[in-house]
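Analysis of the macromolecular model
Now for the letters of each chain:
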Amino acid sequence: MKKILVIHGPNLDLLGTREPTIYGRLTLAKINRMLKIQAKKAKVALVIKQSNHEGAIVDLIGRAKKNKFQGILINPAAYTHTSVAVRDAIAACGLIVVEVHLSNIYSREEFRHKSLISPVVCGTILGFGANSYTLGLAALLDLIRTK
Ligand code: DQA
């Protein structure tokens with residue numbers, strides 16, 4: 001069975017109450033449930049992690065291939081705009097990676113307009129709220145299937 005790693009970056013544990021006009025009212029648990037249902041239908045195994053710590057995220061990405069994952073779905077959250085370490089980990093991991101964002105980072109503050117992650121992933125889906133995750137997972141599964 002194929003294995004996908006989902007990584008939620010910093011502050012995404014606060015979804016539901018965190019700036020709901022920007023990020024919506026769904027909790028992370030609800031989003032994870034949606035992804036699990038989608039994965040079950042597609043007959044793939046999903047491991048879901050959330051961390052507020054850059055090094056922990058780097059470790060997850062760095063060990064993903066050894067841990068037999070075929071792909072990674074990641075919302076790097078604020079590290080999107082700051083983390084060379086997360087970017088380098090993705091570039092080195094040798095797996096198919098899809099980046100997602102709940103909000104449209106290009107319609108927000110200027111400091112969010114730059115993603116250090118986008119150049120090293122297969123594709124990015126953003127601006128569709130929680131649907132960015134389901135669309136991102138569908139795209140990732142498709143890429144893995146046709147690889
Ligand atoms: C985010 C966008 C980032 O700019 C922000 O720092 C986040 C969430 C999103 O999903 O829209 O924490 O990645």
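Residues numbered from 1 in each chain as written. Predicted model: local features only at pLDDT ≥ 70, side-chain atom pairs only at ≥ 80, totals over all residues. Heavy atoms only, no water.

In this section: the site of the ligand. Neighbouring the ligand are the residues Arg18, Tyr23, Asn75, Ala77, Ala78, His81, His101, Leu102, Ser103, Ile105 and Arg112. Here Arg18 contributes a side-chain N or O atom positioned 2.9 Å from an oxygen atom of the ligand. Take Leu102: an N or O atom from its main chain is 2.8 Å from an oxygen atom of the ligand. When isolated, the ligand has an accessible area of 320 Å², and the protein chains bury 99% of it. By residue class, the composition of the shell around the ligand is 5 nonpolar, 4 polar and 2 charged. (Near = heavy atom within 4 Å. Polar contact = N/O pair within 3.5 Å; in protein donor to acceptor, adjacent residues only side chain to side chain. Areas by Shrake-Rupley, 256 points an atom, 1.4 Å probe, with all protein chains shown as cover. Nonpolar A, V, L, I, M, F, W, Y, C, P; charged D, E, K, R; others polar.)

This part is about the sheet that holds strand 1 (residues 3-8). Across the sheet, 5 strands lie side by side as 2-1-3-4-5; this open sheet has parallel pairing. Edge strands, defined here as strands with exactly one partner in the open sheet, are strand 2 (45-50) and strand 5 (123-126). When strand polarity is set aside, the average angle formed by the axes of neighbouring strands in this sheet is 20°. Alignment of strand 1 against strand 2, held across 6 bridges, turns out to be parallel. Within strand 2, the residue paired with Lys3 across the bridge is Ala45. Its contacts with the sheet put helix 2 (residues 28-41) on strand 1, strand 2 and strand 3 (71-75), and the angle it makes with strand 2 is roughly 165°. (Pairing = 2+ DSSP bridges. Helix = DSSP H or I, 4+ residues; strand = E, 2+ residues; numbered from the N terminus. Axes fitted to C-alpha atoms, helices over the stretch in contact; angles between N-to-C directions. Contact = heavy atoms within 4.5 Å.)

What follows is about the environment of Thr124. Position of Thr124 among the secondary structure elements: in strand 5. Judged by relative accessible area, which is 31%, Thr124 ranks as partly exposed. Taking the C-alpha atoms as reference points, Thr124 and Val98, 26 residues apart in sequence, are found 5.9 Å from one another. The residues contacting Thr124, other than those within four sequence positions of it, are Glu99, His101 and Ser118. Within the structure, the side chain of Thr124 is placed 2.7 Å from the side chain of Glu99, a separation counted as a polar contact. Here the side chain of Thr124 touches Ser118 through a polar contact of 3.4 Å, side chain to side chain. (Buried < 20%, exposed > 50% of the residue type's maximum accessible area, 1.4 Å probe, protein only.)

The next point concerns the packing of aromatic side chains. Per the counting criterion, the structure on display carries 0 aromatic pairs. Of note, Lys3 hangs over the ring of Phe69, and the distance from its end group to the ring centre comes to 4.4 Å. (Phe/Tyr/Trp six-rings, centres within 6.5 Å; stacked < 30°, edge-to-face > 60°. Lys NZ or Arg CZ within 6 Å of the ring centre and 35° of its normal.)

Below, the discussion takes up the packing of helix 2 against helix 5 (residues 131-146). Running from N to C, helix 2 and helix 5 point in directions that differ by 30°, and their axes come no closer than 10 Å. What the angle tells us is that helix 2 and helix 5 run roughly parallel. In this structure, helix 2 meets helix 5 at a crossing whose hand is right-handed. Touching Ile31, Met34, Leu35, Gln38 and Ala39 of helix 2 are Tyr133, Thr134, Leu137 and Ala138, all from helix 5. A class-by-class count of the residues in the contact of helix 2 with helix 5 yields 7 nonpolar, 2 polar and no charged. (Parallel < 35°, antiparallel > 145°, perpendicular 65-115°, else oblique. Left-handed = near helix turned anticlockwise from the far one by under 90°.)

Let's shift gears to helix 5. Over its 16 residues, helix 5 extends 23 Å from the first C-alpha to the last, a length consistent with the 22 Å expected when each residue adds 1.5 Å. All of the buried residues along helix 5 are Ser132, Tyr133, Thr134, Gly136, Leu137, Leu140, Leu141 and Ile144. Tucked inside the fold, the buried residues of helix 5 contact strand 1, helix 2, strand 2, strand 3, strand 4 (96-101) and strand 5. (Expected span 1.5 Å × (residues − 1).)

This part covers the environment of Lys41. In this fold, Lys41 is placed in helix 2. Judged by relative accessible area, Lys41 falls into the exposed class, the value being 69%. Along the sequence, Lys41 and Pro119 sit 78 residues apart, while their C-alpha atoms lie 30 Å from each other.

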